[in-house]
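Coordinate analysis (summary)
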Amino acid sequence: MSLQSKTALVTGSTSGIGLAVARALAQQGANVVLNGFGKPDAIEKERAGIESEFGVRAVYSGADMSKGDEIAAMVAEAETTFGAVDILVNNAGIQYVSAIEEFPVEKWDQIIAINLSSAFHTLRAAIPGMKKRGWGRIINTASAHSLVASPYKAAYVAAKHGIAGLTKTAALELATHKITVNCISPGYVWTPLVEAQIPDTMKARGLTKEQVIDEVLLKAQPTKEFVTVDQVAAIAAFLCSDAASQITGSNLTVDGGWTAQ
Ligand code: NAD
């Protein structure tokens, strides 16, 4: 259990990739701060399950990642509860699919806030403590869309390219502090986020559900298979290990060959 006595804060960890990452880090012995939306009883079940399954402490913060003041308060509360935030995983994210000229302005603002600016707010709150303790791991869930674009996802692609740039900048600023900063860029992972965009993609492109899966989603992935949340979580756990201490400023793709094309 290599992460014993460490604390990991994972944004957007009530579902999908974030939940798998939180569980993988807890399995390595880290205490975890869960965050995200959802039904209170379902969240409590996951939180309590992590504690009993892995013998760590898990707490939940309902902070809204579109609000800078709530983000700062979440990090401060985590530091008060556990004494530190050693591992920060910026993972919360949403999607919206529409042509640019019809893209609702409030959706643009919301996606930039949750998928990009939230990471700026968590970083500025968590970095001072990491620097003081001389150790830290920052992992941002980016996307294949941090490297390449798709039509109808303007805000998401812009935010993910932004998070890749923020990752590199933070890595350079923190390089001599034993704090690494990397992003993981999955291709299509079967999660509620992907499932939820199928109806809008059907509408935007005039396709059936099966056509969206075959001709839009898996078309991009040469392996023709979805990535699993556990495959992404395993990389996050590896990035927290000593073996990964010289990996910083990287953008690790897990995309079945998508961005090799
Ligand atoms: P998901 O919908 O399963 O999970 C998203 C999480 O973010 C949930 O816990 C949700 O409650 C939380 N969230 C949403 N808005 C929030 C807010 N305002 N404040 C706090 N939490 C909020 O989706 P996922 O697929 O697991 O996505 C996680 C991350 O992975 C996102 O950043 C997404 O862009 C990225 N990603 C996903 C895929 C994929 O194919 N699923 C591919 C590449 C990147």
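All values derive from a computational prediction rather than experimental measurement.

So, on to the overall build of the protein. Helix and strand counts for the protein come out as eight helices and seven strands. In summary, the protein has a C-alpha radius of gyration of 18 Å against a globular reference of 18 Å for 261 residues, a match within 12%. Dimensions of the protein, computed from the C-alpha atoms along their principal axes, are close to 50 × 40 × 35 Å. When the accessible area of the protein is evaluated, it comes to approximately 11,800 Å², of which 54% is carbon and sulfur surface.

Turning our attention to the sheet that holds strand β1 (residues 7-10). Pairing within the open sheet is parallel, and its seven strands lie in the order β3-β2-β1-β4-β5-β6-β7. Both outer strands of the open sheet, β3 (58-61) and β7 (251-254), are each paired with one neighbouring strand and no more. Between one strand axis and the next, the sheet turns through 20 degrees on average, direction left out of account. Summarising the sheet, β1 and strand β4 (residues 87-90) pair through three bridges and their orientation is parallel. Directly across from A8, in β4, lies its bridge partner I87. Helix-sheet contacts for helix α4 (residues 105-133) involve β4, β5 (136-141) and β6 (179-186), and the interaxial angle to β4 is about 175 degrees. Relative to β6, helix α5 (residues 154-174) is tilted by about 160 degrees, and along the sheet it contacts β5, β6 and β7.

Surveying the vicinity of the ligand reveals 30 residues, the closest of which are T14, S15, Y156, V189 and T191. At a separation of 2.9 Å, a nitrogen atom of the ligand approaches a polar side-chain atom of D64. At 2.7 Å, a backbone N or O of N91 approaches an oxygen atom of the ligand. Those elements giving two or more residues to the shell around the ligand turn out to be α1 (16-27), α5 and α6 (192-205). Sort the elements by how many residues they give to the shell around the ligand and α6 lands first, with three residues. Class assignment of the residues belonging to the shell around the ligand gives a composition of 15 nonpolar, 13 polar and two charged.

A few words now on the nonpolar core. Formed by 32 residues in total, the largest nonpolar core has its most connected members in V21, L25, I50 and I87. Contributions of two or more residues to this core are made by β1, α1, β2 (31-35), α2 (40-54), β4 and α8 (229-239). Take this core: its biggest share by element is seven residues, from α1. If sequence neighbours within four positions are ignored, I50 has contacts with R23, A26, V32, L34, G55, V56 and A58. Residues L9, V75, V85 and V181 belong to the second largest nonpolar core, which totals 23 residues.

Quick notes on the rules
- Residues numbered from 1 in each chain as written.
- Predicted model: local features only at pLDDT ≥ 70, side-chain atom pairs only at ≥ 80, totals over all residues.
- Heavy atoms only, no water.
- Helix = DSSP H or I, 4+ residues; strand = E, 2+ residues; numbered from the N terminus.
- Rg over C-alpha atoms; globule rule 2.2 N^0.38 Å.
- Areas by Shrake-Rupley, 256 points an atom, 1.4 Å probe, with all protein chains shown as cover.
- Pairing = 2+ DSSP bridges.
- Axes fitted to C-alpha atoms, helices over the stretch in contact; angles between N-to-C directions.
- Contact = heavy atoms within 4.5 Å.
- Near = heavy atom within 4 Å.
- Polar contact = N/O pair within 3.5 Å; in protein donor to acceptor, adjacent residues only side chain to side chain.
- Nonpolar A, V, L, I, M, F, W, Y, C, P; charged D, E, K, R; others polar.
- Core = buried A, V, L, I, M, F, W, Y, C linked by side-chain atoms within 4.5 Å.
- Buried < 20%, exposed > 50% of the residue type's maximum accessible area, 1.4 Å probe, protein only.

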